[in-house]
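For reference, the chains in residue letters:
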Amino acid sequence: MLEGIDLQVQRMLRRVNRQTLRHLDGSYQVATKSSYSDLVTTIDRQNEQEIDRQLRVIDPGCRILSEEGFGDRRVDDLDGHVWIVDPLDGTLNFVKQHDHFGIMLALYVDGRPTLAYIMDAVNQDLYHGGNGGGVFKNDCRLTRPADVGLHDSLVAISSSLVLDDVAHLTRVARQASGLRMYGSAAMEMIGVLTGELGAYVSRLKPWDLAPGRVLAEELGLSVKSIDDDGISVLSSNLVLVATKRAGQDILDRTD
Ligand code: IPD
Ligand code: CA
Ligand code: CA
Ligand code: CA
């Protein structure tokens, strides 16, 4: 059953991605949400409506937690099949750069991380996997990245955490091989999955974190909360996704 769902979701994501790329010419509207730096476009909304509609066909009876509010009104637990959906991650990049954005989904079954998908939109590369079956870039299985420490790692830290020096993250940045800010959790998660980045630190909502978390844990990478011990799937978390060594190096330098 999960295999059927998986293949249909992959096909659906590629379709939604192709539709998204048709709008790189700027044929969409932009609105602000909480502030001038928090944008939403008609493409975020269209993608979410389309993904949510298709998920209900592919996986009848599922519940959906999705960023723009077209999913279920309240999802307070992980009973049954729960999909977590980010219909366009890196909206600012989409609007300003026409590049470096993604689409992300994760499926939890009775609280168990089960399937996850991160689409690198412009390159049309789909990272997917979970449930003990490994992680793939399209049809190619990924191997676990080398276990590099902080001094040998490029590290991505979200700009707001660096600007406010949350948990002494500027000290972490200084001790890394280099600091990078991609502006999209999808792109940064892919960076850690492929070994381009040794670590990614950000404060993330459920739809920003769940897909990358499922794939990172599947690859044996470390996913930890920086401000307490546990990560809650259904709320916002200050998290670190990293190789085991870089993750420990970072935890030793933050408080
Ligand atoms: C945002 C991006 C950004 C991260 C923010 C997210 P959105 O997602 O992933 O890199 O720093 O926390 O909200 O709103 O573009 O889907
Ligand atoms: Ca958003
Ligand atoms: Ca996002
Ligand atoms: Ca989004």
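Parameters and conventions
- Residues numbered from 1 in each chain as written.
- Chains lettered and ligands numbered in written order.
- Predicted model: local features only at pLDDT ≥ 70, side-chain atom pairs only at ≥ 80, totals over all residues.
- Near = placed C-beta within 6 Å.
- Helix = DSSP H or I, 4+ residues; strand = E, 2+ residues; numbered from the N terminus.
- Nonpolar A, V, L, I, M, F, W, Y, C, P; charged D, E, K, R; others polar.
- Domains from an automatic or database assignment.
- Contact = placed C-beta atoms within 7 Å.
- Axes fitted to C-alpha atoms, helices over the stretch in contact; angles between N-to-C directions.
- Parallel < 35°, antiparallel > 145°, perpendicular 65-115°, else oblique.
- Left-handed = near helix turned anticlockwise from the far one by under 90°.

The name given to the protein in an unreviewed UniProt entry is Inositol monophosphatase family protein, with the source organism recorded as Limosilactobacillus pontis.

Engineer: I would appreciate a short explanation of the site of ligand 1 in the present structure.
Structural biologist: Surveying the vicinity of ligand 1 reveals the residues Asp 86, Asp 89, Gly 90, Thr 91, Ser 158, Gly 183, Ser 184, Ala 185, Ser 202, Leu 204 and Asp 208. Of all elements in the fold, only β4 (81-89) and β12 (199-204) reach the threshold of two or more residues within the shell around ligand 1. Looking at the shell around ligand 1, its residues break down into two nonpolar, six polar and three charged. Both domains that furnish three or more residues to the shell around ligand 1 are identified here as domain 1 (2-141) and domain 2 (150-253).

Engineer: Just to check I follow, could you spell out the domain arrangement of the protein for this structure?
Structural biologist: Many authors give the size of an interface as the accessible area that is lost as the parts come together. Parsing the protein into structural domains produces domain 1 (2-141) and domain 2 (150-253). The C-alpha centroid of domain 2 is placed 21 Å from the C-alpha centroid of domain 1. On the domain 2 side, the residues contacting the 29 residues of domain 1 number 22 residues. The set of elements that each furnish at least two residues to the side of domain 1 that touches domain 2 consists of β3 (63-66), β4, α3 (91-96), β5 (102-109), β6 (112-120) and β7 (125-129).

Engineer: How do you make sense of the environment of Ile 64 when you look at a structure like this?
Structural biologist: Tracing the backbone through its elements, the reader meets Ile 64 in strand β3. Sequence separation of Ile 64 and Phe 101 is 37 residues, and the distance between their C-alpha atoms is 22 Å.

Engineer: Please explain the packing of helix α1 (residues 2-21) against helix α2 (residues 42-58) as it appears in this structure.
Structural biologist: Between two packed helices, the angle of one axis relative to the other and the distance separating the axes together describe the packing. Where α1 contacts α2, the axes come no closer than 11 Å and their chain directions differ by 160°. Taken as axis vectors, α1 and α2 run roughly antiparallel relative to one another. Crossing hand, α1 versus α2: right-handed. In this structure, α1 uses Ile 5, Gln 8, Val 9, Met 12, Val 16 and Thr 20 to contact α2, whose residues at the interface are Ile 43, Asn 47, Glu 50, Ile 51, Gln 54 and Ile 58.

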